[in-house]
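Here's the letter readout for the chains.
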Amino acid sequence: MGRPMTDHDERAVITARGLSKRFGQVTALRDLNLEVRAGEIFGMLGHNGAGKTTTVRLCNGVLAPDHGGLEVLGLSPLEDGPALRRRTGVLTETPSLEERLSGRENLTIYAELFQVPPGRVRSQVEGLLERFELAERGDERVARYSKGMRQRLALARALIHEPELLFLDEPTAGLDPVAARQVHELILRLSREEGRTVFICTHNLIEAQRLCHRVAVLEEGRLVAVGAPEALAGEWVRAGTLEIEVEADQREAALAVLAAMPALRARAGEAAGIIWIESASREAVPELIQGLVTAGVRLYRVVPRQATLEDVYFALHDPAQTEAST
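Read on for a plain summary of the structure. From a predicted model like this one, the values you see are computed outputs, not experimental measurements. (Residues numbered from 1 in each chain as written. Predicted model: local features only at pLDDT ≥ 70, side-chain atom pairs only at ≥ 80, totals over all residues. Heavy atoms only, no water.)

Reading across the sheet, the four strands line up as β11-β12-β10-β13 and stay open at both edges, with antiparallel pairing between neighbours. Looking along the sheet, the strands with just one partner apiece sit at the ends: β11 (265-268) and β13 (299-304). If you compare each strand with its neighbour and ignore which way they point, the axes differ by 20° on average. With five bridges joining them, strand β10 (residues 242-246) and β13 adopt antiparallel strand pairing. Bridging from a neighbouring strand, Glu-245 pairs with Arg-301 of β13. Contacts between helix α9 (residues 251-259) and the sheet are confined to β10, β11 and β12 (274-278), with β12 contributing the most and set at about 15° to the helix. (Pairing = 2+ DSSP bridges. Helix = DSSP H or I, 4+ residues; strand = E, 2+ residues; numbered from the N terminus. Axes fitted to C-alpha atoms, helices over the stretch in contact; angles between N-to-C directions. Contact = heavy atoms within 4.5 Å.)

See below:
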């Protein structure tokens, strides 16, 4: 599974120019300039408090900006909020569902709230229950649903009025791998087969790498990078990245050996025994292998590693790396 490779409409569905928002003494968003194109899956990355949720709220007219201009689907979120929200769908990180009601009743209520024509409510609800594999348990109370079922129901609810633009905040948070994969496949179908624009806020860099055509990286409300994952990797990640695997209980010792070698930048990977090394030239490889072996570190493999969004993210949040790349 990978990102859809179809061409996109170059028409911008979100255009922000100098967008800023403060909450008291805290600047949540600072001079944001951004365009999101029709039909693409666009990811917004950043730590808690970076400004992701504030951006979504501004785009839906829930908040008013302090400065700057914003246009979404050709409308002003602040002036045309109700009309805009009839054309957008939002899945929050912790969606609230009516747990005492069934999944079918939840969707029916929201269909009526979003003014789905009465003659279409039943078919729309039943179609979404089937699509999200909830039909067999559609009459059960949501209180009995698993986390994955609730997330699928919340996504179905966001689609009940067939929005052109969908905002998803941490859509797979807390899901097991199978449920997360199902959500990923649904997101891809929304873009690839239905041409919907999907705006994802996520901490999950692997998820963003897999799904998004382009991503924006925020830091303390400021946009620090935007582009396709592959392009950002080429721009921000130093060449010569290696992945090495050592005995798991020797990783700290290996990191200490590598730290003593000039011009190498080594850090622990997610998996036990994995180390990532940046700025390793071809000539440096024999030396680092000899150094580890001499120190008694059991070395299992040394392979070139393709740069990922995780590498980009670390580079953008590492002043030394950023200075070297500019």
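Alright, that's what it looks like, and here's the rest.
With 14 residues, helix α4 (residues 118-131) ought to run about 20 Å at 1.5 Å a step, and its terminal C-alpha atoms sit 21 Å apart, in line with that. Within α4 the residues assigned to the buried category are Val-121, Gln-124, Val-125, Leu-128 and Leu-129. Seen from one end, α4 has its buried residues packed into an arc of 125°, which puts them on one side. Opposite the buried face of α4, by more than 90 degrees, sit the exposed residues Gly-119, Arg-122 and Glu-130. Summarising the contacts, the buried residues of α4 are in contact with α3 (103-113) and α5 (147-158). At the exit of α4 stands Glu-133, carrying a positive phi of roughly 55°. (Expected span 1.5 Å × (residues − 1). Buried < 20%, exposed > 50% of the residue type's maximum accessible area, 1.4 Å probe, protein only. Arc of directions from axis to C-beta.)

Pairing between β11 and β12: four bridges, direction antiparallel. Along β12, the bridge assignment pairs Ala-268 with Ile-275. Linking two consecutive strands that pair antiparallel, namely β11 and β12, is a turn of five residues; a positive phi of about 85° is found at Gly-273 within it.

This brings us to the packing of α9 against helix α10 (residues 284-294). Contact geometry of α9 with α10 gives a least axis separation of 10 Å together with a crossing angle of 135°. If you check the angle between α9 and α10, you find them oblique. In terms of crossing hand, the pair formed by α9 and α10 is right-handed. For the pair formed by α9 and α10, the contact residues are Ala-254, Val-257 and Leu-258 on the first element and Leu-288, Gly-291 and Leu-292 on the second. Residue classes in the contact of α9 with α10 are distributed as five nonpolar, one polar and no charged. (Parallel < 35°, antiparallel > 145°, perpendicular 65-115°, else oblique. Left-handed = near helix turned anticlockwise from the far one by under 90°. Nonpolar A, V, L, I, M, F, W, Y, C, P; charged D, E, K, R; others polar.)

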